[in-house]
Amino acid sequence: MQEEIKNYLKNHPEFFEENASFLADIHLPSPHGNGTISLAERQQLAQRDKINALEERFAELVLNAQENDKIAGKIHAFSVLLQQAKNFDAVEQLISHYLPEEFNITDTYLRIWTAPSDPADQQSLVFSPIPEARKDWVMEIHNVYCGGIPSIDIDDWFLEPAASLAVFPLRTHNQVFGFLAVSSDNTERFYVGMGTDFLQKLGDHIGAALSRHLNSISE
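Scope of this entry: the structure provided in the associated data block. All values derive from a computational prediction rather than experimental measurement.

**Examining the side chain of Arg 134**
Next up, step 1: Along the chain, the position of Arg 134 falls in helix α6 (residues 132-139).
Next up, step 2: Classification of Arg 134 as buried rests on a relative accessible area of 9%.
Next up, step 3: Within the local environment of Arg 134, its side chain forms a polar contact with the side chain of Tyr 109, the two groups lying 3.3 Å apart.
Next up, step 4: If we skip the residues at most four places from it in the chain, Arg 134 touches Tyr 109, Ile 152, Asp 153, Asp 156, Trp 157 and Phe 179.

In structure tokens:
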């Protein structure tokens, strides 16, 4: 019966013009829970709700775009500083100090298994021996690992326990020569399934800056 009525009204739109007064007398429950309202008023409320939802969505998109612009600006400024760094120590200081301050990161952990071009840099903790299991895990990361504590041992990575973290394999000539891990005390800062475009760009800049101070890595 309902389908027959729907089909009739759909096929006879003149019904609404010929029975305008009848339609005005029809009252339905208000979608906002305030008694009953006319059919015309209900339609107006429905349209208004749709417009409000679209406006909220648009405002959300604008905020996201503004936030993305800020992040892009920070990455650009950081990449410029990396380019200006004169030696390996200067690059490492940018990573361990500037990065947390500018990108809301709790701590960083950098390890490299390719020898530095300057033998004096070999004394840095960054070049400490790395367990093969840890190296193998990093090598299997396709882009960036984001989420909670991984299956490998990370007890010595950060000064404070990490609630979430991101791990960047550092590459040059498509070969991994180390990794950078960054932590947060917020469980929602880095999570599985999050967009990693900005993180990948950050990792690319860092990898390029570090590779300039390492022994050549064959393609």
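Next comes the rest of the description.
**Digging into helix α7 (residues 197-211)**
The α-helix winds at 3.6 residues per turn, so residues separated by three or four positions along the chain end up facing the same way.
Next up, step 1: For α7, built from 15 residues, the straight-helix expectation of 21 Å at 1.5 Å per residue is met to within 8% by its first-to-last C-alpha distance of 21 Å.
Next up, step 2: Three or more residues of α7 are buried, namely Leu 199, Leu 202, Gly 203, Ile 206, Gly 207, Ala 209, Leu 210 and Ser 211.

**Describing the environment of Gly 207**
Next up, step 1: In this fold, Gly 207 is placed in helix α7.
Next up, step 2: Taking the C-alpha atoms as reference points, Gly 207 and Val 176, 31 residues apart in sequence, are found 9.1 Å from one another.
Next up, step 3: Contacts of Gly 207, omitting those with residues within four sequence positions, involve Leu 170, Arg 171 and Phe 177.

What counts and how
What you see as residue numbers is a count from 1 along each chain, following the sequence as written. At least 70 in pLDDT is required for a residue's local features to be given in this predicted model, at least 80 for side-chain atom pairs to be given and counted, and no such filter applies to totals for whole chains, interfaces and linings, which use all residues. Note that water and hydrogens are dropped before the side-chain values are worked out from all heavy atoms of the structure. In this description a helix means any DSSP run of H or I spanning at least four residues, a strand means any run of E spanning at least two, and both kinds are numbered starting from the N terminus. Buried, partly exposed and exposed residues are distinguished by accessible area as a fraction of the type maximum, computed with a 1.4 Å probe on protein chains only: under 20%, between the cut-offs, and over 50%, respectively. For the purposes of these results, a polar contact is taken to be a pair of N or O atoms within 3.5 Å, where, inside protein, one atom must be able to donate a hydrogen and its partner to accept one; residues adjacent in sequence count only when each atom of the pair is a side-chain atom. Residues count as neighbours in contact if any of their non-hydrogen atoms are within 4.5 Å of one another. Helix span is expected to be 1.5 Å times the residue number reduced by one.

Keep in mind these numbers describe shape, not what the thing actually does.
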